[in-house]
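Here is how the chains run, residue by residue.
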Amino acid sequence: MTGSKSVVELEIEDIEGVGPTTARKMKEAGISSVMELATSVADELAADLGGSKEAASNFIMAAQKLLRESGILDNEFTTADVELEKRKSLLRCTTGAKVLDELLLGGIETQAITEFYGEFGSGKSQICHTLCVTAQQPPSEGGLGGGVILIDTEGTFRPERVDQIAKARGLDAEEALKGIAICKAYNSSHLELIVKSMGKYIDDFKAKMIIIDSIISLHRAEFAGRGTLADRQQRLNGLMHKLVRIAEIYNVAVIVTNQVQSTPDTFFGDPTKPAGGNVIGHASTYRIYLRKAGSDRVAKIIDSPYHPYSDARFTVNEKGVDDSDEAPKKKSAKDED
């Protein structure tokens, strides 16, 4: 009976409607587990199998059904009180700064995408470097107790910075470095392929956090001009929704950084807005805007299902992201206007 099987024991052939030939095609396409099939995108799977999108969707839903029957995924329908209890048990990872954790009501959540956007030097990569260290700490110390997968699209990752942050926090720097799996993505297709195979990497590296720094840079560079905008947005949409499913099914935290673009016709307020349009904004669970404030940085909640719209001032030092000595702990966004 499938209900007694663990995720390791489940085979693609256990899925309803999947025969030996289909299973072979899936494995040739890099889908080697039920989890990977459950997080697949129907259009991509249809192309891999040489079949219809409807058939591909049925395979994906059958994989998700099998995972639910095995007790690995929750049922499709639950009551709100059960969902509340489930959310209370979510893991949260410290950012390294108490004031930033307070802003996020406990830290970076698993089963969600947290987007940080801001100008160059606003602290995006510094947050990523710090999370590479804090995520590996046990949950009792504010971490996730697992490895980190970092996809570097801009060449900004520096292992010596991780070494410095770990030592400044009194941690074993060598162990921290061993717990980070780095992948440099050189073009948008490469990035999409990495994300497509992410399930395998999560298992291999026992990862609890995925960081993509940055999500937009490769697509922005390759799809220049209005004529390519629709294609770019469609591919970004597929990428982001794949990450959403990965976060939920594998119970990992997904962090993406985003660039900004200027809107010169804005006469009041900040003229900068995140790149990628609504595609990235709608897929991100939490959206946080970073900006410089003298020698410090300010993080402001821009979009969230339940966080208050407020901001927090923090600093960057040898410990990575840290509390600022100068600023008040947290301030309402209304107070700033």
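In this report, the structure presented in the accompanying data block is examined. (Residues numbered from 1 in each chain as written. Predicted model: local features only at pLDDT ≥ 70, side-chain atom pairs only at ≥ 80, totals over all residues. Heavy atoms only, no water.)

## A few points about unusual backbone geometry
So, point 1. Of the consecutive residues Asp-213 and Ser-214, the connecting peptide bond is found in the cis state with omega at 0 degrees.
So, point 2. In this fold, Ser-214 is placed in the loop between strand S6 (207–213) and helix H12 (217–222).
So, point 3. The phi angle at Leu-105 is positive, at roughly 55 degrees, despite the residue not being glycine.
So, point 4. Residue position: Leu-105 is located in the loop between helix H6 (98–103) and strand S2 (108–109).
So, point 5. In the Ramachandran plot, Gln-111 falls in the positive-phi region, its phi being about 60 degrees despite a non-glycine side chain. (Helix = DSSP H or I, 4+ residues; strand = E, 2+ residues; numbered from the N terminus.)

## Side note on the pattern of salt bridges
So, point 1. Evaluation of the coordinates by the stated rule reveals 13 salt bridges.
So, point 2. A salt bridge links Glu-115 to Arg-287; the nearest nitrogen and oxygen atoms lie 2.7 Å apart. On the criterion of sequence distance, the pair formed by Glu-115 in strand S3 (residues 112–118) and Arg-287 in strand S10 (residues 286–293) is long-range, its members being 172 residues apart.
So, point 3. As a salt-bridge pair, Asp-204 and Lys-200 come within 2.9 Å of each other at their nearest N and O atoms. Within this pair, Asp-204 and its partner Lys-200 are both found in helix H11 (residues 198–205), separated by four residues, close to a single helical turn.
So, point 4. On the basis of relative accessible area, Asp-204 is assigned to the partly exposed category, the value being 45%. (Salt bridge = Lys/Arg side-chain N within 4 Å of Asp/Glu carboxyl O. Buried < 20%, exposed > 50% of the residue type's maximum accessible area, 1.4 Å probe, protein only.)

## Focus: the side chain of Ser-284
So, point 1. In this structure, Ser-284 sits in the loop between helix H14 (277–283) and S10.
So, point 2. What makes Ser-284 buried here is its relative accessible area of 5%.
So, point 3. Of note is the side chain of Ser-284, whose polar atom sits 3.1 Å from the side chain of Glu-115.
So, point 4. When near neighbours in sequence (up to four residues on either side) are disregarded, Ser-284 contacts Ile-113, Glu-115 and Met-240. (Polar contact = N/O pair within 3.5 Å; in protein donor to acceptor, adjacent residues only side chain to side chain. Contact = heavy atoms within 4.5 Å.)

## Some points on the nonpolar core
Most often, soluble globular proteins have nonpolar side chains that are buried together.
So, point 1. Counting residues in hydrophobic clusters, the biggest one holds 54 residues, and the most contacted among them are Ile-15, Leu-37, Ile-212, Ile-215 and Leu-243.
So, point 2. Looking at which element gives the most residues to this core, the answer is helix H13 (residues 229–250), with eight residues.
So, point 3. Aside from chain neighbours lying at most four places away, what touches Leu-243 is Ile-113, Val-195, Ile-212, Ile-215, Val-254 and Val-256.
So, point 4. Counting 35 residues, the second-largest nonpolar core is a separate cluster that includes Leu-104, Val-162, Ala-173 and Ile-180. (Core = buried A, V, L, I, M, F, W, Y, C linked by side-chain atoms within 4.5 Å.)

## A short note on the packing of helix H7 (residues 124–134) against helix H8 (residues 159–168)
The description of two packed helices rests on the angle between their axes and on the distance between the axes.
So, point 1. Close contact between H7 and H8 brings their axes to 9 Å; oriented N to C, the two are set at 60 degrees. One way to sum up the angle between H7 and H8 is to call them oblique. Seen from above, H7 lies across H8 with right-handed handedness. Residues Gln-126, His-129, Thr-130, Cys-132 and Val-133 of H7 lie in contact with H8, whose contacting residues are Arg-161, Val-162, Ile-165 and Ala-166.
So, point 2. Taken together, the residues that form the contact of H7 with H8 break down as five nonpolar, three polar and one charged. (Axes fitted to C-alpha atoms, helices over the stretch in contact; angles between N-to-C directions. Parallel < 35°, antiparallel > 145°, perpendicular 65-115°, else oblique. Left-handed = near helix turned anticlockwise from the far one by under 90°. Nonpolar A, V, L, I, M, F, W, Y, C, P; charged D, E, K, R; others polar.)

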